[in-house]
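Structural description and commentary
The residues making up each chain are set out below.
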4 protein chains.
Amino acid sequence: MTTERLPTEQRQRQIAEAALRIVAEHGVHRLTAAALAAEVGIADGTIFRHFRNKEEIVHAAIDLFEKALESTFPPPTEDPLERLGSFMVGRLELVREHPEFLRLAFNDRLAEAAGEKGAHRIEGLVGRSVAFVRQCLEEAQNRGQVTREAPPMLLVWMVIGVIRGAATGGPLLATVEKDLPGASPTQVWKALERFLRNTTTEKKT
Amino acid sequence: MTTERLPTEQRQRQIAEAALRIVAEHGVHRLTAAALAAEVGIADGTIFRHFRNKEEIVHAAIDLFEKALESTFPPPTEDPLERLGSFMVGRLELVREHPEFLRLAFNDRLAEAAGEKGAHRIEGLVGRSVAFVRQCLEEAQNRGQVTREAPPMLLVWMVIGVIRGAATGGPLLATVEKDLPGASPTQVWKALERFLRNTTTEKKT
Amino acid sequence: MTTERLPTEQRQRQIAEAALRIVAEHGVHRLTAAALAAEVGIADGTIFRHFRNKEEIVHAAIDLFEKALESTFPPPTEDPLERLGSFMVGRLELVREHPEFLRLAFNDRLAEAAGEKGAHRIEGLVGRSVAFVRQCLEEAQNRGQVTREAPPMLLVWMVIGVIRGAATGGPLLATVEKDLPGASPTQVWKALERFLRNTTTEKKT
Amino acid sequence: MTTERLPTEQRQRQIAEAALRIVAEHGVHRLTAAALAAEVGIADGTIFRHFRNKEEIVHAAIDLFEKALESTFPPPTEDPLERLGSFMVGRLELVREHPEFLRLAFNDRLAEAAGEKGAHRIEGLVGRSVAFVRQCLEEAQNRGQVTREAPPMLLVWMVIGVIRGAATGGPLLATVEKDLPGASPTQVWKALERFLRNTTTEKKT
DNA sequence: CATGAATGAGCTTTCATTCAT
DNA sequence: AATGAATGAAAGCTCATTCAT
């Protein structure tokens, strides 16, 4: 069989994308050179003309993931809650477009496949998002938009929990899917925002 | 070397526990027949005198996990928030005692090792917990202990998010560990409870 | 195919011997797990139940080689030339019995297959033999059995050259094989000894 | 990157030389098409525009080696010992200039890489040198320059042994390097010559 | 029940060789 | 002539599973 010849960069991209798809759909244990090759439509051995080894493939996949996440960090607007909102909506839309990412973001599969270094990268990615959320929430607390009584991390966990929950089409919603059936990212954020503001101490006085 | 002969039931339990430990500490890729045998202290072939194949071992491990989770569902007390509190405290304490479970609960590793059927079981386990949390929250909303404005699932995701966050010693806290340093399960719940109730004060006044 | 089951120690020995045979007869490039397995009569994978990896197999082979060489170091008799004679005869007889060793002793094939550590071991083996020969010759010079005029290493190289030459059935003799047709180890040594003593300065005076 | 285009003959030479260098410095296992191409500075596929396959490359390398050896056969002078001397000095100087050759001459690595045919060629090369040495020594014996009592092959082995020993900087000298520290080729030959002639003095008196 | 040797499929990686560009 | 992507046959090694003892 003679496959179309493509420049390395293109093949690398194809392979990285295939890796993402495979891990997301079937799990790391199916991320084999053979599976990758089949997915891309080339011969087994050819994989290693484009990547030195499997680990590098995973790193390329993480790159893709990273770039996608990066694009959802909103510009530093004035209002922290507004910022948090764009972030959340962005993330939820990202997941809607790329369901592959879902199982990656909240899962340490990729990390496992990438060895120590890859695990750290993913940790870093997650950490950055957490830090962003926290930053927004603390600012909001300082401005009195959100109650100062709650420990910031509690709020962070809640927000992350909502993102995760709204993003997961899977298990979390399985039993209760009828609830917010097609709840759009914006709707979810609106509900969350109202809730957060609701608790504001200012309002109580 | 001839190991002491034990009845199948005991060996099965030992093996299932060993499986839990191995997956938790080293990941699925180290869950091999040889590793299990070594952990239990028997010869590798012997494993298959007690289980027909690896999948069954994983199922036994999930059984253990299930039983542990089961034990944290509190008795059906009157007050739904109180019930939710015992549940949450129970779960956090469980994780504190058995850190192995952490990587299992919020991770689909075990599911992956157990094939389709195992994945469904874990999904079910998670689903049951979600349903419980939801039940408590809806009751609380009906009683006016928690604002009725928020969609129940939003609250569910928040609570689950807090449980996950408080349970995970790892990445989530990494950058901000000073926050709730040794926050005990009860302290976490108290903070969450105050927050949940807080949202209703407006209406009360 | 069901092969006879043997205890690891026996299989290890078989495998190490097979390794020696293969390297000697066909060269390192044919020393593959498959070839070893075929030679021993077991399945490919089985090889690695008895050795952790190929390198360990080569080390086991070197062990065999080492033991054989060791056995040809004669006891420390009074007369150095007599000692040298037993050594040489021993070595030649060893090679006659185990032609496999020939290509190993004067070849760095095994060394190459064994990695750094293996190469050093073989170097050490050769070094020990050289040192032994040298020791004998220097003593002989001190006693006046061999001329003191020749630098010791010159004599060493000569003796080693004769051992190698007499041992090699191969290329070295190819063109001139009729010479010392069945020259027995003892005959070769006798000829060499006469030659060495012949040069003695004592006799000239 | 497009490399300068060179006529096949030049590239062939470059490749053959690269082969010699690689085998000498790193061993046959590194003699790969990719390594050759890198050494020469062309793309790996290009190698096979100049040689039909790897075996032919090795043959070209042996050609080079052969030519170098050829050049050290001295003209047929009157005195056989003098002839032998030039030969030996020539060989030792060759090795000093081209240390690559060392590992080739006393090693069947190249032979192994070249298959049956290549092995025979190298055998022939060695055989020719042995025959030359023998010729010289027999003449010398006939002229009474060297004792007639020693079987010619014994002398041949000795001489070859000395050449090998003096050429090998490696293991052979490792333990005793102080001996003939920078022993020049001529010094080595002088020592050997004195020794060979020495054996005849008895009869002369 | 327990042992541990044996199996064979499968995985990652290497490499000589081909061939479209 | 030169390039470099593609191929496919090994090679080394792992592991679930079987089975004679």
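Worth saying up front: this structure is predicted, and the values here are computed from it rather than measured. (Residues numbered from 1 in each chain as written. Chains lettered and ligands numbered in written order. Predicted model: local features only at pLDDT ≥ 70, side-chain atom pairs only at ≥ 80, totals over all residues. Heavy atoms only, no water.)

**Brief notes about the protein's contact with DNA strand E**
Our working definition: By convention in this text, a residue qualifies as near a molecule or strand provided that one of its non-hydrogen atoms is within 4 Å of it. Whenever two N or O atoms come within 3.5 Å, that pair is a polar contact, provided that in protein one can donate a hydrogen and the other can accept it, and provided that, for residues adjacent in sequence, both atoms are side-chain atoms. A helix here means a DSSP run of H or I that spans at least four residues, while a strand means a run of E at least two residues long, and both kinds are numbered starting from the N terminus.
Near DNA strand E you find 45 residues, and of these Thr3 of chain B together with Thr3, Arg5, Ala43 and His50 of chain C are the closest. Sugar and phosphate atoms represent 62% of those atoms of DNA strand E found within 4 Å of the protein. Here a phosphate oxygen of DNA strand E sits 3.3 Å away from a polar atom, N or O, in the side chain of Arg11 of chain B. Between His50 of chain C and DNA strand E, the recorded distance is 2.5 Å, taken from a side-chain N or O atom to a phosphate oxygen. Counting residues per element, the ones that place at least two in the surface near DNA strand E are α1 (8-26) and α3 (47-50) of chain B together with α1 (8-26) and α3 (47-50) of chain C.

**With respect to the side chain of Gln145 of chain B**
Summarising the element assignment, Gln145 of chain B is placed in the loop between α7 (109-142) and α8 (152-167). Of the polar contacts made by the side chain of Gln145 of chain B, one reaches the side chain of Asp79 of chain B; its length is 3.0 Å.

**A few points about the protein's contact with DNA strand F**
Inclusion rule: The residue classification treats Ala, Val, Leu, Ile, Met, Phe, Trp, Tyr, Cys and Pro as nonpolar and Asp, Glu, Lys and Arg as charged. All others, Gly included, are polar.
Lining the immediate surroundings of DNA strand F are 45 residues, of which Thr3, Arg5 and His50 of chain A together with Thr3 and Thr8 of chain D lie closest. Protein-proximal atoms of DNA strand F, defined as those within 4 Å of the protein, fall in sugar or phosphate at a share of 61%. Interatomic distance of 2.6 Å between a side-chain N/O atom of His50 of chain A and a phosphate oxygen of DNA strand F. Leu6 of chain D has a polar backbone atom sitting 3.1 Å from a phosphate oxygen of DNA strand F. When its residues are assigned to classes, the surface near DNA strand F shows 15 nonpolar, 17 polar and 13 charged.

**Looking at the pattern of salt bridges**
Residue and element names in this part refer to chain A. Applicable threshold: For this analysis, a salt bridge means a side-chain nitrogen from Lys or Arg found within 4 Å of a carboxyl oxygen belonging to Asp or Glu. Using a 1.4 Å probe on the protein chains alone, a residue whose accessible area is under 20% of its type maximum counts as buried, one over 50% counts as exposed, and one in between counts as partly exposed.
This model, assessed by the stated rule, comprises 47 salt bridges over all chains. The salt bridge involving Glu70 is made with Arg128; its shortest N-O contact spans 2.1 Å. A residue pair is termed long-range when its members are at least 10 positions apart, and Glu70 in helix α4 (residues 54-70) and Arg128 in helix α8 (residues 115-142) qualify at 58 residues. By relative accessible area, which is 34% here, Glu70 ends up partly exposed. Three or more residues are tied together by salt bridges with common partners; here these are Asp63, Glu66 and Arg121.

**Examining the domain arrangement of chain A**
How large an interface is tends to be reported as the accessible area lost when its parts come together. All names here are of chain A. Short version of the rule: Segmentation into domains, and thus their bounds, comes from an automatic or database assignment. The contact criterion used is simple: two residues touch if any of their non-hydrogen atoms lie within 4.5 Å. Here's the idea: put two parts together, see how much 1.4 Å probe accessible area each one loses, and the total over both is what we call buried area.
Taken domain by domain, chain A holds domain 1 (8-63) and domain 2 (64-204). Each side of the interface is counted separately: domain 1 has 18 residues, and domain 2 has 17 residues. Taking both partners together, domain 1 and domain 2 bury about 1,600 Å²; carbon and sulfur atoms supply 68% of that area. For domain 1, the biggest contributors to the area lost against domain 2 are Leu20, Ile62 and Asp63; these three give 38% of the whole. For the interface between domain 1 and domain 2, the tally reads one salt bridge. For Asp63, the salt bridge goes to Arg121, with nearest N and O atoms at 2.6 Å. Across the domain 1-domain 2 interface, the total number found is eleven residue pairs in polar contact (both at pLDDT 80 or more).

**Concerning the packing of aromatic side chains**
Definition in use: Stacked, tilted and edge-to-face are the three classes applied to pairs of Phe, Tyr and Trp rings, where Trp contributes its six-membered ring and a pair requires centres within 6.5 Å; stacked means planes under 30 degrees apart, edge-to-face means over 60, and tilted covers the rest. Distance and angle both matter: a charge sits over a ring if NZ of Lys or CZ of Arg is within 6 Å of the ring centre and within 35 degrees of the ring normal.
Tallying each qualifying case throughout the model produces 18 aromatic pairs over all chains. Judged by centre distance (5.5 Å) and plane angle (25°), the rings of Phe73 of chain D and Phe87 of chain D are stacked. Of this pair, Phe73 of chain D sits in the loop between α4 (54-70) and α5 (80-97) while Phe87 of chain D is found in helix α5, placing the two residues 14 residues apart along the sequence. The exposure class assigned to Phe87 of chain D is buried, which follows from its relative accessible area of 1%. If you follow Arg91 of chain A out to its NZ or CZ, it ends over the ring of Phe73 of chain A, 5.2 Å from the centre. Between the NZ or CZ atom of Arg128 of chain B and the centre of the ring of Phe73 of chain B, over which it lies, the distance is 4.3 Å.

**Overview of the packing of helix α10 (residues 185-198) of chain C against helix α8 (residues 152-167) of chain D**
To be explicit about the condition: For every element, the axis is a line fit to its C-alpha atoms; helices are fit only across the contacting stretch, and the angle between N-to-C directions ranges from 0 to 180 degrees. Working rule for angles: under 35 degrees goes down as roughly parallel, over 145 as roughly antiparallel, 65 to 115 as roughly perpendicular, anything else as oblique.
Put simply, α10 of chain C and α8 of chain D touch, their axes get as near as 10 Å, and they point 70° apart. Considering their axes alone, α10 of chain C and α8 of chain D lie roughly perpendicular with respect to each other. Here Val188, Ala191, Leu192 and Phe195 of chain C of α10 of chain C lie close against α8 of chain D, whose contacting residues are Leu154, Leu155 and Met158 of chain D. In the contact of α10 of chain C with α8 of chain D, the residues fall into seven nonpolar, no polar and no charged.

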